[in-house]
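# Residue-level structural notes
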Amino acid sequence: SRIYCVDPWNDVYVKGRKEFSGLDPCFKEQYSRFLFNVRNHKDKVTVLRGSSNEIVPSLEEEFDLVYIDGDHHPGQVYQDAVMALRVTKSGGIILFDDRLLDIGGISPKDGMYRFTSEFSGCVEIRMENAQLAAQVKNIWANPRYVRTKYVAEKPPILLDSWGPSDAICSHLYQGRTWEAEVALF
């Protein structure tokens, strides 16, 4: 099994998003922290440095779990979810972090619920608490999805980092065996 981590690992939360700039100090040196946290698992971690918008379209893998915890702006959460759908295996899980987060009236849950509503023929919500888990039923069941440019392409995966990827990587490898392809973005 492998874990794919997709993140720009900039020293700011999200480049160009002034509404989130108050979080920037937490992201200083995040790439070196991430590499330190996964140092003992290099053989199981694929590091893909760049934004999900840059990296995910080129991925060819299919994943059992995609963990979304990157840019928390609802529009980007929605976009990440749509990209995740094409790389998640049928029966796989798209897991969103920070469902209850609100930063100055901006909440990632708006993007999560837009996705689960518009793609209700393809996904089913399985868990809602601080996170939201959506299980992929059948990506071809939604006519809206079938009409997109991804119709003939093989689905792949993605991933994000800082605290999320760091925490997930640490959690997955602390005495556990993970028999799945996992991507974070």
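Above this text sits the structure in question.
The following refers to the structure shown. (Residues numbered from 1 in each chain as written. Predicted model: local features only at pLDDT ≥ 70, side-chain atom pairs only at ≥ 80, totals over all residues. Heavy atoms only, no water.)

### Overview of the packing of aromatic side chains
What describes a pair of aromatic rings is the distance from one ring centre to the other and the angle between the planes of the rings. Tallied over the full model, the rule gives five aromatic pairs. Ring centres of Y4 and F63 lie 5.0 Å apart, and the angle between their planes is 80°; this geometry places the pair in the edge-to-face category. In this pair, Y4 sits in strand β1 (residues 2–7) while F63 sits in strand β3 (residues 63–68), placing the two residues 59 residues apart along the sequence. With respect to burial, Y4 and F63 carry one shared label: buried. In this structure an aromatic cluster arises from ring pairing among W9, Y31 and F34. Its end group placed over the ring of F36, R39 keeps NZ or CZ at 3.7 Å from the ring centre. Of note, R49 hangs over the ring of Y31, and the distance from its end group to the ring centre comes to 4.0 Å. (Phe/Tyr/Trp six-rings, centres within 6.5 Å; stacked < 30°, edge-to-face > 60°. Helix = DSSP H or I, 4+ residues; strand = E, 2+ residues; numbered from the N terminus. Buried < 20%, exposed > 50% of the residue type's maximum accessible area, 1.4 Å probe, protein only. Lys NZ or Arg CZ within 6 Å of the ring centre and 35° of its normal.)

### Examining unusual backbone geometry
Although it is not a glycine, W9 sits at a positive phi angle of roughly 50°. As for its position among the elements, W9 is in the loop between β1 and α1 (30–38). With a relative accessible area of 1%, W9 lands in the buried category. In this model, D98 sits at a positive phi of 60°, which is unusual for a non-glycine residue. The topology assignment puts D98 in the loop between β4 (88–96) and α4 (109–118). Under the relative-accessibility criterion, D98 is labelled partly exposed at 26%.

### Remarks on α1
For α1, the full list of buried residues reads Q30, F34 and V38. The arc that holds every buried residue of α1, seen down its axis, measures 60°, which confines them to one face. (Arc of directions from axis to C-beta.)

### Some thoughts on the nonpolar core
The biggest cluster of nonpolar side chains holds 27 residues, and the ones touching the most others in it are I68, L85, I94, F96, F115, F119 and V123. When contributions to this core are tallied by element, the ones reaching two or more residues are β1, β3, α3 (74–85), β4, α4 and β6 (132–136). Top contributing element to this core by residue count: α3, with seven residues. Non-local contacts of V123, meaning those with residues more than four positions away in its chain, are made with L85, F115, T116, A134, Q135, V136 and K137. Within the second largest apolar cluster, six residues are counted, among which are I3, F34, V38 and V45. (Core = buried A, V, L, I, M, F, W, Y, C linked by side-chain atoms within 4.5 Å. Contact = heavy atoms within 4.5 Å.)

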